[in-house]
Amino acid sequence: MTEQEVINTINIALAEEFELELDEMQPDVSIYEDLGLDSLDTVDMVIVLEGAFKFKIREEAEVKEIRTLGDIHSFVIKKITAESK
Amino acid sequence: MPVISSTHIVIMNLWVYGLLALWTLLGVGLSPLASGYLRLRYRWSTDRIVRHLIWLYGRGWLLLISPFIDFKRDGLGDEEVPDGCVFVINHLSFFDTYFMGALPHSDVTFAVRSWPFKMFWYRFFMRMANYLEVEEQGWQQTTEQGIQILNKGGSVLFFPEGHRSRDGQLQRFYSGAFQLAVASGRPIVPLCISGTGVLLPPGRKSLHPASVRLRILPPVSVESFQHEGGHLQLRKQVKGLMAQTLAEMSSSAESALVKGR
């Protein structure tokens with residue numbers, strides 16, 4: 001999977017899960033202020049990403065640092081790269 | 001829409017808010033006596049007693065609004081609503097909670113965000129009733145406490161949208177209610193309410209006459225959702241059912257209005 005494919009998969013999965021428009025899914029948007037997610041949504045976000053990429057991330061401290069959609073892209077790309085080595 | 005005079009609205013507001021204040025004072029005043037009776041009669045715990053008193057308060061609300069609000073409950077009958085279930089309901093108005101007095105069971109624990117707990121006149125009773133403050137606790141603790149409530153035969157009620165709808169349309173659903181249902185194995189019972197957005201929508205303080213309908217849908221079993229991410233599929237299915245039912249209710253209300261002209 002290329003980086004762009006990973007980004008597209010994330011955007012589509014989150015847009016479907018949280019009823020967002022794909023046009024809104026820009027890397028620099030805040031998932032809280034711009035996309036309207038809140039702390040109650042982060043659990044679902046993790047489940048959606050785990051389902052889309054078949055990995056486990058719920059115990060990872062880095063998840064708590066995520067603020068923008070770009071942070072999610074980078075985090076997932078890093079995770080996939082590390083797992084493929 | 002039928003024309004309603006401003007005099008009618010003024011009388012309604014004086015009547016409902018006035019009687020609601022009296023009913024509240026009477027309820028608070030009589031609650032120690034009622035608690036003592038319920039404790040002796042049924043040996044209920046304090047939180048169970050307070051939930052019952054809140055339910056009775058809701059019953060009183062239904063009575064005092066009856067001259068101005070045409071309220072009907074349909075769907076499942078009293079005997080068909082299971083004990084120990086997870087209720088989910090759409091949210092249109094501050095007064096939606098008051099209409100839960102129309103539910104057949106009084107042992108209903110509300111799972112709500114933090115803002116209702118910030119109103120001091122509610123907070124005391126909400127704490128006494130062991131209501132769940134989901135924003136403060138998070139889903140994990142809410143699920144653990146919810147399972148304990150369900151195991152004792154009580155039900156838990158969620159507003160899965162989290163906020164009142166501003167346009168009457170169903171909003172995005174949070175997943176807590178569905179996580180609890182899947183984790184506990186208890187059914188979801190969807191409730192659809194309409195008309196309270198006319199009675200008192202967000203941002204308005206004066207009440208308006210309305211036809212309010214509360215429909216109790218058949219329980220949705222969680223058996224086929226017991227897998228990773230199953231609660232998200234359950235959420236989607238229940239939201240679809242509710243959206244379809246609300247559309248039917250809206251269409252029936254419009255037909256009734258046309259016939260009444």
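Residues numbered from 1 in each chain as written. Chains lettered and ligands numbered in written order. Predicted model: local features only at pLDDT ≥ 70, side-chain atom pairs only at ≥ 80, totals over all residues.

**Some words on the overall build of chain A**
Here is the rule we go by: Runs of H or I in DSSP of at least four residues are treated as helices and runs of E of at least two as strands, each being numbered from the N terminus. Both definitions apply: the radius of gyration is a C-alpha atom measure, and the globule rule equals 2.2 Å times residues to the power 0.38.
Secondary structure summary: chain A contains three helices and zero strands in total. Along the chain direction, N to C, the helices and strands of chain A fall in the order α-α-α. Computed over C-alpha atoms, the radius of gyration of chain A comes to 12 Å, within 12% of the 12 Å expected from 2.2 N^0.38 for 85 residues, which places it in the range of a compact globule. A principal-axis box enclosing the C-alpha atoms of chain A has dimensions of 35 × 25 × 20 Å.

**Observations concerning the nonpolar core**
Our working rule: Each nonpolar core comprises buried Ala, Val, Leu, Ile, Met, Phe, Trp, Tyr and Cys residues, the members being joined through C-beta atoms within 7 Å. To assign burial, the other C-beta atoms lying within 10 Å of each residue's own C-beta are counted, with C-beta atoms placed from the backbone; 20 or more indicates buried, 12 or fewer indicates exposed, and intermediate counts indicate partly exposed. Contact between residues is assigned whenever the C-beta positions, reconstructed from backbone atoms, fall within 7 Å.
Residues Val86, Phe87 and Ile188 of chain B are the most contacted members of the largest nonpolar core, which totals 58 residues. Setting aside anything within four residues of it in sequence, one finds valine 86 of chain B in contact with Ser155, Val156, Phe158, Ala177, Leu180, Ala181, Arg186 and Ile188 of chain B. Among the nonpolar cores identified, the runner-up in size contains ten residues, and Ile10, Leu14, Leu35 and Ile72 of chain A belong to it.

**Describing the interface of chain B and chain A**
Put simply, the rule reads: Ten residue types, Ala, Val, Leu, Ile, Met, Phe, Trp, Tyr, Cys and Pro, are classed as nonpolar, four, Asp, Glu, Lys and Arg, as charged, and the remainder, Gly among them, as polar.
Each partner contributes to the interface: chain B provides nine residues, whereas chain A provides seven residues. Top contributing element to the side of chain B that touches chain A by residue count: helix H4 (residues 134-151) of chain B, with three residues. Its residues placed into classes, the side of chain B that touches chain A shows four nonpolar, three polar and two charged.

**Describing the sheet that holds strand E7 (residues 210-216) of chain B**
All names here are of chain B. Put simply, the test is: Pairing between strands is defined by DSSP: at least two bridges between them are needed. Think of each axis as a best-fit line through the C-alpha atoms, taken over the contacting stretch in the case of a helix, with angles from 0 to 180 degrees between the N-to-C directions.
Spatial strand order, E1-E7-E6-E2-E5-E3-E4: seven strands in an open sheet with mixed pairing. Each having just a single partner strand, strand E1 (69-75) and strand E4 (132-133) make up the two edges of the open sheet. For strand E6 (residues 188-194) and E7, the ladder comprises four bridges, and the chain directions are antiparallel. For leucine 191, the partnering residue across the bridge sits in E7 and is isoleucine 216. Against the sheet, helix H5 (residues 176-184) touches strand E2 (86-89), strand E3 (108-112), strand E5 (155-158) and E6, its axis set at about 160 degrees to E2.

**Details of helix H2 (residues 46-65) of chain B**
Threshold: What a helix should span is 1.5 Å times the count of its residues minus one.
The end-to-end C-alpha distance of H2 of chain B is 29 Å, a good match for the 28 Å that 20 residues give at a rise of 1.5 Å each. Contact partners of the buried residues in H2 of chain B: helix H1 (6-42), E1, E3 and helix H3 (120-128) of chain B.

**A closer look at the pairing of E7 of chain B**
Residue and element names in this part refer to chain B. Counting buried residues in E7 gives five out of seven residues, a clear majority hidden from the surface. Taken together, the seven bridges between E1 and E7 define a ladder with parallel strand orientation. The residue of E7 that forms the bridge with isoleucine 69 is alanine 210.

**Brief notes about H4 of chain B**
Residues and elements named next belong to chain B. Rules: Bend, at a single residue, is the angle you get between axes fitted to the 7 residues ending at that residue and the 7 residues starting at it.
The first and last C-alpha atoms of H4 sit only 19 Å apart over 18 residues, clearly below the 26 Å expected at 1.5 Å per residue. At glutamine 140, H4 shows its largest bend, some 75 degrees. By the burial criterion, the buried members of H4 are Val134, Trp139, Thr142, Thr143, Gly146, Ile149 and Leu150. Of the residues trailing H4, glycine 153 is marked for its positive phi of about 95 degrees.

**Details of unusual backbone geometry**
All names here are of chain B. Even without being glycine, arginine 43 reaches a positive phi, approximately 60 degrees. For arginine 43, the position within the fold is in the loop between H1 and H2. For arginine 43, a count of 8 C-beta atoms within 10 Å gives the class exposed.

**Topic: the environment of alanine 102 of chain B**
Residue and element names in this part refer to chain B. With respect to the helices and strands, alanine 102 occurs in the loop between E2 and E3. On the basis of neighbour count, alanine 102 is assigned to the partly exposed category, with 19 C-beta atoms found within 10 Å. Each C-alpha atom of the pair alanine 102 and phenylalanine 71 lies 9.7 Å from the other, and the pair is 31 residues apart in sequence. Discounting residues that sit within four places of it in the chain, alanine 102 has contacts with Leu62, Arg73 and Leu214.

**Some thoughts on the packing of helix H1 (residues 3-17) of chain A against helix H2 (residues 39-53) of chain A**
Helix-helix packing is characterised by the crossing angle of the two axes and by the distance between the axes. All names here are of chain A. This is how the line gets drawn: When an angle is under 35 degrees it counts as roughly parallel; over 145 it counts as roughly antiparallel; between 65 and 115 it counts as roughly perpendicular; any other value is oblique. Handedness of a helix crossing follows the sense of rotation of the near helix relative to the far helix, less than a right angle counterclockwise being left-handed and clockwise being right-handed.
Contact geometry of H1 with H2 gives a least axis separation of 10 Å together with a crossing angle of 135 degrees. When the axes of H1 and H2 are compared, the pair comes out oblique. Note on packing geometry: the crossing formed by H1 with H2 is right-handed. The residues of H2 that touch H1, namely those facing Thr9, Ala13, Leu14 and Glu17, are Asp44, Met45, Val48 and Ala52.

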